[in-house]
Structure formats: C-alpha cells, structure tokens
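# Observations on the model geometry
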Amino acid sequence: MTGQQPEGDRKHPVDETLPPLKMFTSGLQHVAAMYAGVVAPPMIVGPACGLSATETAFLMGASLFTAGIATLLQTLGFWKVGARLPFVNGVSFAGVTPMVAIGKAQSPGHALPIIFGAVIVAGVLGFLLAPYFSKLVRFFPPVVTGTVITLIGVSLLPVAFNWSQGGNPQAPDYGSPTNIGMAALTFVIVLVLRRVLRGFLQQIAILLGLVAGTLIAIPVGITHFAALGKASLIGFPTPFHFGAPQFDIAAIVSMCIVMLVCMTESTADMLALGKIVGRPADERTIEGGLRADTLGTALSPLFNGFANSAFAQNIGLVAMTKVRSRYVVATGGLILIVLGLCPVAASVISLVPLPVLGGAGIVLFGSVAASGIQTLASAAMEKGDNALIVAAAVGIGLIPIAAPDFYHALPKDLLVVLDSGISTGCLVAIVLNLAFNHFGGRDAETAPDAGAPGDPEVAPPPRLATEGGAGEPAAAAPAH
C-alpha cells in the first residue's frame, strides 16, 4: 500500500527513536524506578568504610554517574560491547555484603582503595570470560528462563514492601499507617492511571503516579527537602578521589565471585527482556551484554563506583509501558550522568518518598513475575519432569526471601551466592534441566523443553498483554 514501508524495511521497536519529549519523559521514568536501587549500596558501604555523610553523598553521585556510563555501554554499545536492548545497568546489590566485610576489616583510609582494586580485577576477569559464559544460553530453555524471570519478580517484591514501610527498619515511623497508606494510595493511583489513560500518557503512568504521590506526600509530611538545600550545583566525581586502587587477594577473590553472580543474573535478565521486547537474546547478544556489564564494572572504580549489573525492576517497566526503544533507556543513562554531575538535580529525584516508590514498585515488580509465569506457560509443564524442575528451583530460590537467616551458620563466602534467590534458583533450574531433560537416558532432542530458546522443538511463549502493539502476533516481530 502507498505510504507504507515494506515489512523487511521496518525498524524493530527496540531500534526506534521517539519524539524528544517522549524520549525524555520515558527515560526519566526509568531513572525514577531505579534511583533508590542505585544510591542504596553506597549508602550502606560508605558508613561501613568510615565515610562521613558528605563523603557518602559523593559516593552516591559517583554511583549515579557510573550507572549512566554502564547503561550507555549496554544500550548503544560499540564493537562487540553491549546487548543493544533497553537494558538498564546500575550498582549491584550482590557486592554489598563482601564490600561491607572488607570495609569493617580494613582501616577507614584503606577500605575503599582495596574495594576498588578488587572491583577492577573482577571486571577485567568477567570481560575475558564473557564469550565463554554466553555459550550457556543454550541451557536456558523456557522452563529455566520462566523460573528465573518469576524469581526475579518475586525477589524484588520484598524491596518494594520495605520501601512501602519507609525503607529504614530503625526509623521510628517504619511501617507506620502513614507510610503504608501512602504506598497503597500510590499503588491505586498507578492502577487507575493505567486504566483510564491512553497512548503516551498511559506509557508514563508510573512517572505520573510517582509525581502525584510525591505531591500528596508533601502535606502528609514525608517529603523532605533538606537534601535539596544542601546540594551543590556541580560535583564531578574526581577520579580516584579516595586514593589509588590497592590489590588484596582475599578481596579480589570475593569480588570475582560477585562478578560471576552478576553475570548469571544479567544473563537471566537479558533472556527475560529479550522475550518481553520481541527480540530473543541469542548468544551474541548475551556476550555483548556481559561485556558491557563487565567493562562498566572495570571502569567504575576510576570514578569511585562499584560493580554494575542489570536492574531487573526496569524490565518490569518495559513490560508495563510497552516502550521497547533502547534509545529511551539510553536517554535515562544520560540523565543518570547529569544527576551524577549535578547533585542538585539528583536531589530533586530523591524527593520521591520511599513509600511512594514502594507503591509503584509493587506494580513494577509484579509485572516481572507475571512475565515469568507467561513464559512458564510455554514450558510443557504437563510433560516430563518440568513441573518438578520449577517446583524445586522456585522452592530453593525463595529461601533467602522467606527465611533470610536460613544460611546464617554457613561460611560467609558462600553467602555471596546463597543469599541471592535469583542465582540459587537459576543454578538449580539449570542443573535439574540438564539432569532430567538432557541426560538421564533421554535424548536432548526429544526431551520436552530441553532445547535452547528459539529451537524449533520448543514452542514460543504466548505474547504478553504488555508486549508490543495490541493484537500483534508474536511472529510479526522481525528476525534478528
């Protein structure tokens, strides 16, 4: 038909650019969803390393800056670096426990340089391992990816619940009716906006809900402006502000383990995001994504940042808004860099009270779990031992969530992996899938759901209600 592009010439939604206003507001929405997650690790690690409030604030700005750089590496990429998906990177929580342990074991002036040295080595090691690690993608069929995606969403929900209560268990108002009420109100506002709005406004319903919740929270008294008044206009994260990196063997080993955990989680996140945006993540995509993760990690200590990995909460935002453009997330990366360079701008974003963020987070993280359930629907659960695989992996993956102290008597080095329900659940699902569907006397070609994602033996997952355009069949997405 006249005026229409041939099917083969159409851009995939991942590669589309949006009008400037839509690009900015959608990117800002990603920043709002991840902001608390980026600044939380330095807020924990800073005091553990003996930093003052001012120095901790500097560390928070550096984390925003390096998260922006890592996000640009991931979305735009160069050479063989970057998944080129709407993939957000930020400071990984997996490294918090070992970094706090390093901080407590060292004198205040030496802790951060030792941490930064270990992060650099871990990033370089991960970069070298990326081509080999990416080959594991064939061991992530729907029964594995669906389990992991579900665990990602379920594992993030306690974060939203904590935010809804106020974020700080030691605070006197933690879990107060005011905090929970504001979270519930924001939750309802987001749902109503998603239901009544149309088009672009519906796509930024989360951002609008956060703005509305923050405005309502002002007369309630939980929106605090003190940080805005103290923030300076410009604050560049001076390279090696806390001293040149130092290299300690024990610290390096612990951070290398963290890097492997981050790579496992990022692989699962890329597979999840690939399904949501209609561009399945193949081996090359995962290799590029892991290279971006690890290169961003290796560069972060230069600007006083920590290890970077995928932010799963933003996957839920992509699923909900249907905005699949990687350039939107790249815009979010630029905003993060600006926030890192401009503490005043960062303080404006931080005005969003945690209970308001928690109310919106319940919807976001629940969307990730729902995507995992949709993927499991295509995993031939009625055949073979797939239901057993899911039951065992989800059960093990829920241990750190349902019983946080379950592993308290085990060696601390093991806790880096065991305290991550996503990592443990992923490992259990992979091992059991190999045992039941690849080995054990059955041929991998005929075993149900044993093939890698995209194999002809494995049926594609049903199209999510939150994916793509309304009514589009899943097969309409161009092959890449």
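Residues numbered from 1 in each chain as written. Predicted model: local features only at pLDDT ≥ 70, side-chain atom pairs only at ≥ 80, totals over all residues. Heavy atoms only, no water.

## Remarks on the overall build of the chain
In plain terms, the rule: Numbered from the N terminus, helices here are DSSP runs of H or I no shorter than four residues, and strands are runs of E no shorter than two. We call a residue buried when its accessible area falls under 20% of the maximum for its residue type, exposed when it is over 50%, and partly exposed in between, using a 1.4 Å probe and counting protein chains only. Should any heavy atoms of two residues lie within 4.5 Å, those residues are counted as being in contact. Each accessible area is a Shrake-Rupley result for a 1.4 Å probe, and residues are judged covered by the shown protein chains and nothing else.
When you go through the chain residue by residue, the secondary structure sums to 19 helices and two strands. Within the chain, the proportion of its 480 residues that are buried is 55%. Considering only contacts in the chain between residues 6 or more positions apart, those separated by 24 or more positions represent 82%. Total accessible area computed for the chain in this model is approximately 19,800 Å², and 68% of it derives from carbon and sulfur atoms.

## Comments concerning the packing of aromatic side chains
For clarity, the threshold we go by: Two aromatic rings, drawn from Phe, Tyr or Trp (for Trp, its six-membered ring), form a pair once their centres lie within 6.5 Å of each other, and the interplanar angle then sorts them: stacked below 30 degrees, edge-to-face above 60, tilted otherwise. Either the NZ atom of lysine or the CZ atom of arginine qualifies as a charge over a ring when it sits within 6 Å of the ring centre and within 35 degrees of the ring normal.
One pass over the structure, following the stated rule, counts four aromatic pairs. When the centroid spacing of 5.2 Å and the interplanar angle of 65° are considered together, the rings of phenylalanine 65 and phenylalanine 303 count as edge-to-face. With phenylalanine 65 in helix α2 (residues 53-75) and phenylalanine 303 in the loop between α11 (283-299) and β2 (308-310), this residue pair connects regions lying 238 residues apart in the sequence. The buried category is assigned to phenylalanine 65, whose relative accessible area is 7%. Residue placement shows arginine 291 over the ring face of phenylalanine 127; its charged tip is 5.7 Å from the ring centre.

## Some words on the confidence of the model for the chain
Going by this rule: Residue-level confidence of the predictor is what pLDDT reports, using numbers from 0 through 100.
The predicted model of the chain has a mean per-residue pLDDT of 78, with 83% of residues at 70 or higher. Mean pLDDT across the elements of the chain ranges from a minimum in helix α9 (residues 226-230), with 63, to a maximum in helix α6 (residues 177-196), with 91. Throughout residues 1-7 the model reports pLDDT below 50, and contacts reaching past four residues in sequence, or to other chains, amount to three contacts. Note on residues 443-480: pLDDT under 50 across the span, and 68 contacts to partners over four residues away in sequence or across chains.

## Some thoughts on the nonpolar core
Rule in force here: Only buried residues count toward a nonpolar core, which is a set of Ala, Val, Leu, Ile, Met, Phe, Trp, Tyr and Cys residues joined through side-chain atoms within 4.5 Å.
Membership of the largest hydrophobic core comes to 104 residues, with the highest contact counts inside it found for Leu112, Ile115, Ile206 and Phe306. Considering every element that reaches this core, the biggest residue donor is helix α10 (residues 249-277), with 15 residues. Formed by five residues, the second largest nonpolar core is a distinct cluster that contains Phe65, Leu72, Ala330 and Ile337.

## Observations regarding the side chain of threonine 186
Basically, it comes down to this: Counted as a polar contact is a pair of N or O atoms within 3.5 Å, where, for protein atoms, one must be capable of donating a hydrogen and the other of accepting one, and residues adjacent in sequence contribute only when both atoms are in side chains.
Its place among the elements puts threonine 186 in helix α6. What makes threonine 186 buried here is its relative accessible area of 0%. Looking at threonine 186, its side chain comes within polar contact range of the main-chain oxygen of methionine 182, at 2.9 Å. Aside from chain neighbours lying at most four places away, what touches threonine 186 is Gly209, Gly213, Val356, Gly359 and Ala360.

## Quick word on unusual backbone geometry
Generally, phi is negative for residues other than glycine and the peptide bonds are trans, each holding for most cases. Residues other than glycine seldom take positive phi values, yet arginine 84 does so here, at roughly 55°. Tracing the sequence through the fold places arginine 84 in the loop between α2 and β1 (89-91). Not every positive phi belongs to a glycine, and asparagine 304 is a case in point at roughly 70°. Structurally, the position occupied by asparagine 304 is in the loop between α11 and β2.

## Brief notes about helix α8 (residues 205-220)
How we decide: A helix is expected to span 1.5 Å multiplied by its residue count minus one.
The first and last C-alpha atoms of α8 sit 22 Å apart over 16 residues, in line with the 22 Å expected at 1.5 Å per residue. Once α8 finishes, glycine 221 follows within two positions and takes phi at roughly 100°, a positive value.

## Here's the deal with α11
The terminal C-alpha atoms of α11 lie 24 Å apart, and with 17 residues this matches the ideal 24 Å at 1.5 Å per residue to within 8%. Along α11, 14 of the 17 residues are buried, which leaves the element largely enclosed by surrounding structure.

## Some remarks on the pattern of salt bridges
Where we set the bar: Just to be clear on terms, a salt bridge is a Lys or Arg side-chain nitrogen sitting within 4 Å of an Asp or Glu carboxyl oxygen.
Applying the stated criterion across every chain, the model contains four salt bridges. One salt bridge connects arginine 279 with aspartate 15, and the closest N-O pair in it is separated by 2.5 Å. Here arginine 279 is found in the loop between α10 and α11, whereas its partner aspartate 15 is found in the segment before α1 (20-48), with 264 residues between them in sequence. Across the pair, aspartate 15 and arginine 279 agree in class, each one buried. Lysine 135 is the partner of glutamate 283 in a salt bridge, and the nearest nitrogen-oxygen pair spans 3.1 Å. Here lysine 135 lies in the loop between α4 (108-133) and α5 (142-165) and glutamate 283 lies in helix α11, a separation of 148 residues in the sequence. The exposure class assigned to lysine 135 is partly exposed, which follows from its relative accessible area of 42%. Overlapping salt bridges, with partners in common, bring together Asp15, Arg279 and Arg326 in one network.

## Side note on the packing of α6 against helix α15 (residues 354-376)
Quick reminder of the rule: Angles shown run from 0 to 180 degrees and are taken between the N-to-C directions of axes, each axis being a line fitted to C-alpha atoms and, for helices, limited to the stretch in contact. Note that the term roughly parallel is reserved for angles under 35 degrees, roughly antiparallel for angles over 145, roughly perpendicular for angles of 65 to 115, and oblique for everything else. Each crossing is labelled by how the near helix is turned from the far one, with a counterclockwise turn of less than a right angle marking it left-handed and a clockwise turn marking it right-handed. Each residue is assigned to one of three groups, with Ala, Val, Leu, Ile, Met, Phe, Trp, Tyr, Cys and Pro labelled nonpolar, Asp, Glu, Lys and Arg labelled charged, and all others, Gly among them, labelled polar.
Closest axis-to-axis distance for the α6/α15 pair is 7 Å, and the angle between their directions is 45°. Looking at the two axes, α6 sits oblique to α15. Between α6 and α15 lies a crossing of right-handed hand. Listed contacts from α15 to Asn179, Met182, Ala183, Thr186, Phe187, Val190 and Leu191 of α6 are Pro355, Val356, Gly359, Ala360, Ile362 and Val363. Of the residues contributing to the contact of α6 with α15, the split by class is 10 nonpolar, three polar and no charged.

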